[in-house]
Amino acid sequence: MKILYFARISEELGKNQELLIIKDKLKIIDVINILKSKDERYSLVFKKISNIKFAINCEYATKNDYITNNDELAIFPPVTGG
Amino acid sequence: MKIYFQKKDFNLSKELNNFSKKNKKVGSIISFVGKVRPFNNNKKIESMEIDCYKKMALYQTEKIIDILISKGDIVDYQVIHRFGKLFPSENIILILVASKHRKEGFFFIEKLIEWFKSKITFWKKEFYLNSSTWLKSQK
């Protein structure tokens, strides 16, 4: 799957996107846990996810929604446009 | 009926004039311009960086606009939201709306701005003299 990061999260991770291959489908929270296991930087950024928003293919999603390799997952802070 | 997400500035009078000429048979045209303020939380803003997820922003903007125009009183609209590096007093957003009556036009702008503050994927970072911060959501 393609994972996109924006704003503070992109800045803190030092990247704005990456690819992650999973088996079948996973909940977003499981994807977050895989990322957290990769290195300390992810653990710090995703330590508290209550203030982080998720979107699957441009639709807002929750941490318990399922995602597959064909999806685009976006991870970002609450928006502040306008 | 157009939505633009762009780095470059817009010319307010030109956009308003063109929009007005295009919509001769309506009862109301309302414009809203959001600008970079010079101060925030007692700190002088040197510049602002706006990040955006364009594909989702377009999808979410179209989604709320579809809901807002489904009632049939909105005749035309134009939305421009900038991203990238901006400076105090520069334009951030322009919303133009043409409607049969003013009430629907004000409602359209109010609701669309609410979505920009809660759903549409733009993020602002303010730069001060010796520090910077990503703004926190008002929602």
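The numbers attached to residues start from 1 for each chain and follow its sequence in the written order. The naming scheme follows written order: chains are lettered A onward, ligands numbered 1 onward. In keeping with the predicted nature of the model, local features appear solely for residues at pLDDT of at least 70, side-chain atom pairs appear and are counted solely at 80 or more, and the whole-chain, interface and lining totals rest on all residues. Computation of side-chain values covers all heavy atoms of the structure but excludes hydrogens and water.

**Some thoughts on the packing of helix α2 (residues 54-69) of chain B against helix α3 (residues 102-118) of chain B**
All names here are of chain B.
Inference 1: Throughout, an axis means a line fitted to C-alpha atoms (over the contacting stretch in the case of helices), and angles, computed between N-to-C directions, take values from 0 to 180 degrees. Numbering goes from the N terminus for both helices and strands, where a helix is a DSSP run of H or I of at least four residues and a strand is a run of E of at least two. One way to put it is that α2 packs onto α3 with a least axis distance of 10 Å and a crossing angle of 155°. By the criterion of interaxial angle, the relationship of α2 to α3 is roughly antiparallel. Along this stretch, α2 crosses α3, giving a crossing that reads as right-handed. When α2 is examined against α3, the residues Gln 60, Thr 61, Ile 64, Ile 65, Leu 68 and Ile 69 are found in contact with a partner set consisting of Phe 107, Phe 108, Lys 111, Leu 112, Trp 115 and Phe 116.
Inference 2: Three classes are used, and their members are as follows: Ala, Val, Leu, Ile, Met, Phe, Trp, Tyr, Cys and Pro are nonpolar, Asp, Glu, Lys and Arg are charged, and the others, Gly among them, are polar. Residues belonging to the contact of α2 with α3 are distributed by class as follows: nine nonpolar, two polar and one charged. Angular relationships are summarised with four words: roughly parallel below 35 degrees, roughly antiparallel beyond 145, roughly perpendicular across 65 to 115, and oblique for the angles in between. Note on convention: near helix rotated counterclockwise from far helix by under a right angle means a left-handed crossing. Clockwise means right-handed. Should any heavy atoms of two residues lie within 4.5 Å, those residues are counted as being in contact.

**Focus on the pattern of salt bridges**
Inference 1: Note on definitions: salt bridges are taken to be side-chain nitrogens of Lys or Arg within 4 Å of carboxyl oxygens of Asp or Glu. By the definition in use, this model includes 11 salt bridges over all chains.
Inference 2: One salt bridge in this structure joins Lys125(B) and Glu11(A), with 2.6 Å as the shortest N-O distance. Of this pair, Lys125(B) sits in strand β9 (residues 122-127) while Glu11(A) sits in helix α1 (residues 7-13), placing the two residues on different chains.
Inference 3: With relative accessibility at 8%, the residue Lys125(B) sits in the buried group.
Inference 4: Look at Glu11(A) and you get partly exposed, because its relative accessible area is 44%.
Inference 5: For Glu18(A), the salt bridge is made with Lys15(A), and the minimal N-O distance between the two is 3.6 Å.
Inference 6: For the exposure calls, accessible area comes from a 1.4 Å probe over protein chains only, and a residue counts as buried if that area is under 20% of its type's maximum, exposed if over 50%, partly exposed in between. With a relative accessible area of 12%, Glu18(A) lands in the buried category.
Inference 7: Judged by relative accessible area, Lys15(A) falls into the partly exposed class, the value being 29%.
Inference 8: A single salt-bridge network, built from bridges that share partners, covers Lys15(A), Glu18(A) and Lys38(A).

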